[in-house]
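# Commentary on secondary and tertiary structure
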Amino acid sequence: MTDRIAWEEPFCGEGNNCFRLGTDDTGNAYIAITGAEDHYLTDSREALRTLILDIKAGKADHLL
């Protein structure tokens, strides 16, 4: 059982492509599809931070 997840507002692309990021009080981070928050990926906040920084640095541009 996890602590209460504090979800951010959805990040949406075109149509219904929305993702939500969340954190809890014990240092965990979560990623889910909007409307399916009970089926999430989880890792540390540091891992989420690294993911976001790498995306901002263009390391995932080949996926676009």
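Here's a quick rundown of the structure. It should be emphasised that the depicted structure is a prediction, and the values quoted were computed from it without experimental measurement.

## Focus: the side chain of aspartate 24
Among the structural elements, aspartate 24 can be located in the loop between β3 (18-23) and β4 (28-33). In this structure, aspartate 24 is buried with no salt-bridge partner, the nearest side chain bearing the opposite charge being arginine 45 at 5.1 Å. Here glycine 27 takes part through its backbone nitrogen, which lies 3.2 Å from a polar atom of the side chain of aspartate 24. What aspartate 24 contacts, discounting residues up to four positions off in sequence, is Asp3, Arg4, Tyr30 and Arg45.

## Considering the state of the cysteines
By definition, a disulfide links the sulfur atoms of two cysteines through a covalent bond. Scanning the model with the defined rule gives one disulfide in all. Disulfide partner of cysteine 12: cysteine 18, at an S-S distance of 2.1 Å. Taking the sign of the S-S torsion, 115° for the link of cysteine 12 and cysteine 18, the bridge is right-handed.

## Quick word on the packing of aromatic side chains
Summed over the entire model, instances satisfying the criterion amount to two aromatic pairs. Aromatic side chains tyrosine 30 and tyrosine 40 sit 4.9 Å apart centroid to centroid with 90° between the ring planes, which places their arrangement in the edge-to-face category. Of this pair, tyrosine 30 sits in strand β4 while tyrosine 40 sits in the loop between β4 and β5 (41-44), and the two are ten residues apart along the sequence. The exposure class of tyrosine 40 is partly exposed, given its relative accessible area of 28%. The rings of Trp7, Tyr30 and Tyr40 are connected pair by pair, giving a single aromatic cluster.

What counts, and at which threshold
Residues numbered from 1 in each chain as written. Predicted model: local features only at pLDDT ≥ 70, side-chain atom pairs only at ≥ 80, totals over all residues. Heavy atoms only, no water. Helix = DSSP H or I, 4+ residues; strand = E, 2+ residues; numbered from the N terminus. Buried < 20%, exposed > 50% of the residue type's maximum accessible area, 1.4 Å probe, protein only. Lys, Arg positive; Asp, Glu negative; His and termini not counted. Salt bridge = Lys/Arg side-chain N within 4 Å of Asp/Glu carboxyl O. Polar contact = N/O pair within 3.5 Å; in protein donor to acceptor, adjacent residues only side chain to side chain. Contact = heavy atoms within 4.5 Å. Disulfide = S-S within 2.5 Å. Phe/Tyr/Trp six-rings, centres within 6.5 Å; stacked < 30°, edge-to-face > 60°.

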